[in-house]
There are 2 protein chains.
Amino acid sequence: MPAASDLTDQIAVPTRRQLLGMIGTMGGAAAMYQAMTALGHAAETQFTGPPVLSGARPGASVVVLGAGLAGLAAALELSRAGYSVQVLEYQDRAGGRNYSVRGGDRIVEVGGATQTCEFAPGNYINPGPWRIPHHHRTLLHYCKTLGVELEPFIQNNHNGLIHRSNAFGGQPQRYKELAVDFKGHVSELLGKALNDGALDGKVSAEDKEKLLVAMREWGVLDRNMAFTPSIALSGQRGYDIPPGGGLDPAPTASTPNGLADVLSSNVWTQMGFYFNYVMQTTMFQPKGGMDQIAAGFMRQIGAMVRLNTRVAKIAQDASGVTVDWTDNATGQTGQTKADWCVCTIPPPVLSQIELQASDALLAAVRAVPMNGQLKIGLEMRRRFWEEDYAIYGGHSFTDQAISQLSYPNDKFFQDGPAVLLGAFANGAGALQLTGMTPAERIEVALDQGSVFHPAEYRREFISGVSVPWSRMPWIQGCTSRWTDASRAQHYTNLVTMDGRVVLAGEHATYYGGWMEGSLLSALNAIEQLHQRATAA
Amino acid sequence: MPAASDLTDQIAVPTRRQLLGMIGTMGGAAAMYQAMTALGHAAETQFTGPPVLSGARPGASVVVLGAGLAGLAAALELSRAGYSVQVLEYQDRAGGRNYSVRGGDRIVEVGGATQTCEFAPGNYINPGPWRIPHHHRTLLHYCKTLGVELEPFIQNNHNGLIHRSNAFGGQPQRYKELAVDFKGHVSELLGKALNDGALDGKVSAEDKEKLLVAMREWGVLDRNMAFTPSIALSGQRGYDIPPGGGLDPAPTASTPNGLADVLSSNVWTQMGFYFNYVMQTTMFQPKGGMDQIAAGFMRQIGAMVRLNTRVAKIAQDASGVTVDWTDNATGQTGQTKADWCVCTIPPPVLSQIELQASDALLAAVRAVPMNGQLKIGLEMRRRFWEEDYAIYGGHSFTDQAISQLSYPNDKFFQDGPAVLLGAFANGAGALQLTGMTPAERIEVALDQGSVFHPAEYRREFISGVSVPWSRMPWIQGCTSRWTDASRAQHYTNLVTMDGRVVLAGEHATYYGGWMEGSLLSALNAIEQLHQRATAA
């Protein structure tokens, strides 16, 4: 192997591909793979294990505000490092948005609307986060070490349905048929342009030949590069008569949809959705409900958490932090003093609390944009989506306010009642549904969801609950959605430790709306805190 | 609503789409969905429940040859209908290719090569069928009614690897990166052809506008319709620096691969593979091994099955069927007489047995083409594919003889040894590996599989087993692969009841290589038998 300087001489400005080729030649596959990672090919996370916080001063104390995942992770790691930790939580449970609604649970909205969930024992809906990407290694680390069992979340279900009001006369279509037809038409068109020489100035002769092969195979085109019905194509989009056995009739080909129909479905939106890095398979969910993650933390540090505690004021000076609070249950007021504070209170609530901090931090807290999604859980008497439609988990999408149905990813094939996600509304749909009474929301969800399962939807319905996040008093929003402008102006101010107080949570991250972000934010916050505390 | 005759007058030759639109207008969504199904949109199976075999004559008897899934299903349904059933099975277990290899199991090949599996308790490999599509309703029916618990089979894993010897210097790439780059380049090229007017004669102005939107969104192109690096694109293919929290650095964009590199990977092959109707999500596997399906049948009808029984001759005349057999364990010979016979013995074996049947049937038995796939299971000390590569289930593909690795779909995140599918060889690769000794096969599998996991593959290896199907003495092949010509000449002869004997099994079906085919074949066969028996 030549010396490094030789290598440097040989390749003035190598492409990444050239560099990889050289490393492969010289160092073999193992060296190559390490290099691939180093060159950014496989970078998946900024998590390399929980921070090592050594040398904490004996007796140093931290008050953590909020027992969502960020607060729980901060408390766990700080207490392991030797800090004396107290967590104050507004609600009567830990977890925050890490939350599962079960039979008997009450949901009280800003304005007073109250629901009591009536689901059967064992059934639940996850109104907040509900799926875990395989590359969210921080979250997976805590699930593993806290004993939270995970099961697959069926994200991409080819047999789900797509509905758009102005496509196919408003009738839902199977995703598989639309997606196969989309790639077929795209292949046929690109094949024609290539064969007509329309792209000769853009692709080499060699790439053109390969592209033609790719289009024919990927699009399942016929020998004339046309997208036409065939048994081979039906082997992707499904048959009119599927294959049988014995003297059953032979399979017959289905007829693909025309280009105009396929385009009217906007199916590429879903095809792209499934390619989103945070939506890619393999995904997971905790067995028994998302709140099992919070429960895992609480098994470790439950004794440090004071529930039902509303923070009224956060003061700090050279000697420490003082938090004034009121007990929601008893009305008792109190103060908690500590050397340092990790504050995970969501910005819409934090902006209404007296906080002694720099103007820059206070401005940042007020500037964080929050979305107010809404979810609805509908309990049905039986799994008609499985039994009658062969849909096992995954989603059906619509352009109505409910946005999508999602089918439960556990207890497949079981008898008895099961809970559908009957709405996951964003934007205008969320505003519209949030503005209704709980009963009205259920009615709209049943009406709109019936487009997918008309014969069964109302007949099998038992009860439903809705969670409009912008009306949840303890958060008044769901996910932060930084714009480029707001991030440029405020983000660094928001996440930089301010005196004795450091903020953490989903909003204090580049990973808005994901539990992974909350945890990464918490780990970074406690690293800042520890550095400050040990330097002091 | 107008009378039917009015409707008929209005639409002389409606397209399916026009017809659906009319039905939707007149009858609402429920009528539409029923019509969609009737028009072939949602046809998924020829299974509508097990056959109703009423009126069997008291005392009528059937001998079933072979206790694979076809034989077991035939025996179960015939015995439920009142027939007296005896099953003869060559092996010392029921199930046939419905088979799981576990620690302690012996594998003896034609030629004498013998392996003993050394996997840890609880670990197994499914050397035959291993995944169940959501639309295989016959199989799902029996799993449900026989109490066989199913769990998801992770088919499409975006984080799996793709290796081709002549692409990327032989270094594996993540599927997600290649697939995202493929659709990006295709979108850019088709967008350019459209903008250049090269397809104006082929697509309408309206479709052209929609296609341009589709290409920009689906391909994640920039505002100039070019496929360039961006944070948005990295939101699909992954980042160089992924999003973090707090003061972690901001995410940075990854650089897509060039067109020539992407084409060298043939990634469209895998993209198309995942769209195969029989490979589409959601898929399942039985908890604890594929052989749990056979075990479910045996709980019902185990008492009817005689194991270790080699069939020597199948004779029939006007009065009945006589089967001569030898007990493999004791050498004892015997005869079983019955009124009727369902024969599921695989064609390569059946063609070597004396069978009294028409020349047409005998010619058909000799004509069935069989493939001889080969699988290898490798037990590893730990789940390095999960821990080090974030690969949870699914596949990595290669153009080497082993063809693919597949990662276990159960017990995710657990510590301790786990079993990889280290080869699933077809065609030339299967011939090559089958021709080796068991030890040589493992060596090749370790060598070729190391391309994906170079640092870990040999270091973590404990033991392996191979199952070369063409050398399994009881079947001498794996899956039937009818050609159009052989099917036209022989298929009907093979599956039509011949006197008192009717054949069934995966080969007697349009669904070669799938358990669903075996079952559909068995149900059709017993319907023929029952019709003959009750008419006699």
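Residues numbered from 1 in each chain as written. Chains lettered and ligands numbered in written order. Predicted model: local features only at pLDDT ≥ 70, side-chain atom pairs only at ≥ 80, totals over all residues. Heavy atoms only, no water.

Points about the nonpolar core
Grouped together as the largest cluster of nonpolar side chains are 229 residues, with contacts concentrated most on Phe-182 of chain A together with Phe-182 of chain B. Those residues within four positions of Phe-182 of chain A in sequence are excluded, and the remaining contacts are Val-262, Leu-263, Val-267, Trp-268 and Met-271 of chain A together with Ala-214, Met-215 and Trp-218 of chain B. (Core = buried A, V, L, I, M, F, W, Y, C linked by side-chain atoms within 4.5 Å. Buried < 20%, exposed > 50% of the residue type's maximum accessible area, 1.4 Å probe, protein only. Contact = heavy atoms within 4.5 Å.)

Examining the packing of helix 4 (residues 137-145) of chain A against helix 17 (residues 515-535) of chain A
All names here are of chain A. Where helix 4 contacts helix 17, the axes come no closer than 8 Å and their chain directions differ by 85 degrees. Our classification of the angle between helix 4 and helix 17 gives roughly perpendicular. The segment helix 4 lies against helix 17, with Arg-137, Thr-138, Leu-139 and Tyr-142 engaging Met-515, Glu-516, Leu-519, Leu-520 and Leu-523. Across the contact of helix 4 with helix 17, the residue classes tally to six nonpolar, one polar and two charged. (Axes fitted to C-alpha atoms, helices over the stretch in contact; angles between N-to-C directions. Helix = DSSP H or I, 4+ residues; strand = E, 2+ residues; numbered from the N terminus. Parallel < 35°, antiparallel > 145°, perpendicular 65-115°, else oblique. Nonpolar A, V, L, I, M, F, W, Y, C, P; charged D, E, K, R; others polar.)

A look at the interface of chain B and chain A
Across the boundary between the two partners, chain B contributes 116 residues, which contact 115 residues of chain A. Buried area between chain B and chain A, summed over both chains or domains, comes out near 10300 Å², and the portion from carbon and sulfur atoms is 62%. Applying the counting criterion to the chain B and chain A interface returns four salt bridges. With 13 residues, the single largest contributor to the side of chain B that touches chain A is helix 5 (residues 175-195) of chain B. The residue makeup of the side of chain B that touches chain A, split by class, is 60 nonpolar, 34 polar and 22 charged. (Buried area = accessible area lost by both parts, 1.4 Å probe. Salt bridge = Lys/Arg side-chain N within 4 Å of Asp/Glu carboxyl O.)

Brief notes about the environment of Ala-439 of chain A
Residue and element names in this part refer to chain A. Tracing the backbone shows Ala-439 in helix 15 (residues 438-449). By relative accessible area, Ala-439 is classed as exposed at 57%. Spatially, the C-alpha atom of Ala-439 lies 8.7 Å from that of Gly-464, the residues being 25 residues apart in sequence.

Digging into the side chain of Thr-479 of chain A
All names here are of chain A. Positionally, Thr-479 belongs in strand 24 (residues 479-480). Side chain to side chain, Thr-479 and Gln-373 meet in a polar contact 3.1 Å long. Non-local contacts of Thr-479, meaning those with residues more than four positions away in its chain, are made with Arg-97, Pro-369, Met-370, Asn-371, Gln-373, Glu-506 and Gly-513. (Polar contact = N/O pair within 3.5 Å; in protein donor to acceptor, adjacent residues only side chain to side chain.)

Observations regarding the domain arrangement of chain A
Looking at chain A, the domain boundaries give domain 1 (4-38), domain 2 (62-95 + 292-368 + 482-535), domain 3 (103-130 + 373-471) and domain 4 (175-260). Taking only C-alpha atoms into account, the centre of domain 3 of chain A sits 37 Å from that of domain 4 of chain A. (Domains from an automatic or database assignment.)

Topic: the sheet that holds strand 8 (residues 150-153) of chain B
Residue and element names in this part refer to chain B. Taken together, the three strands give an open sheet; going across it, the order is 7-11-8, and neighbouring strands pair in antiparallel fashion. One side of each edge strand has no neighbouring strand; the edge strands of this open sheet are strand 7 (132-133) and strand 8. Pairing geometry for strand 7 and strand 11 (residues 283-286), over two bridges, is antiparallel. Counterpart to Ile-132 in the pairing with strand 11 is Phe-284. (Pairing = 2+ DSSP bridges.)

Re the relation of the copies chain B and chain A
Mapping chain B onto chain A calls for a screw motion: a turn of 180 degrees about the axis and a shift of 0.0 Å along it, with 0.0 Å RMSD after fitting. Such a turn and shift between the copies fits a two-fold axis. Most of the interface of chain B is mirrored in chain A, where 99% of its interface residues are also at the interface. (Least-squares fit on C-alpha atoms with pLDDT ≥ 70 in both.)

Things to note about unusual backbone geometry
For the peptide bond that leads from Thr-281 of chain A to Thr-282 of chain A, omega is 0 degrees, which places it in the cis range. Along the chain, the position of Thr-282 of chain A falls in the loop between helix 9 (267-273) and strand 11 (283-286). If you check the backbone angles, Gln-476 of chain B has positive phi at about 55 degrees while not being a glycine. Topologically, Gln-476 of chain B is positioned in the loop between strand 23 (461-468) and strand 24 (479-480).

Quick notes on the sheet that holds strand 1 (residues 61-65) of chain B
All names here are of chain B. In spatial order, the strands read 12-2-1-16-25; together these five strands make up an open sheet with parallel pairing. In this open sheet, the two edge strands, each paired with only one partner strand, are strand 12 (305-306) and strand 25 (501-503). Pairing analysis gives three bridges linking strand 16 (residues 340-343) to strand 25, with the strands arranged parallel. Bridged to Cys-343 within strand 25 is Leu-503. Those strands touched by helix 17 (residues 515-535) are strand 1, strand 16 and strand 25, and its axis lies near 170 degrees from that of strand 16.

Focus: the pattern of salt bridges
Summed over all chains, the structure comprises 40 salt bridges over all chains. With a closest N to O distance of 2.8 Å, Arg-237 of chain A and Asp-181 of chain A form a salt bridge. One end of the pair, Arg-237 of chain A, is in helix 7 (residues 231-237); the other, Asp-181 of chain A, is in helix 5 (residues 175-195), and 56 residues separate them in sequence. For the pair Arg-237 of chain A and Asp-181 of chain A, one class covers both residues: buried. Among the salt bridges present, the one from Glu-188 of chain B reaches Lys-202 of chain A, with a minimum N-O distance of 3.5 Å. Residue Glu-188 of chain B is located in helix 5, and its partner Lys-202 of chain A is located in the loop between helix 5 and helix 6 (205-219); the two belong to separate chains.

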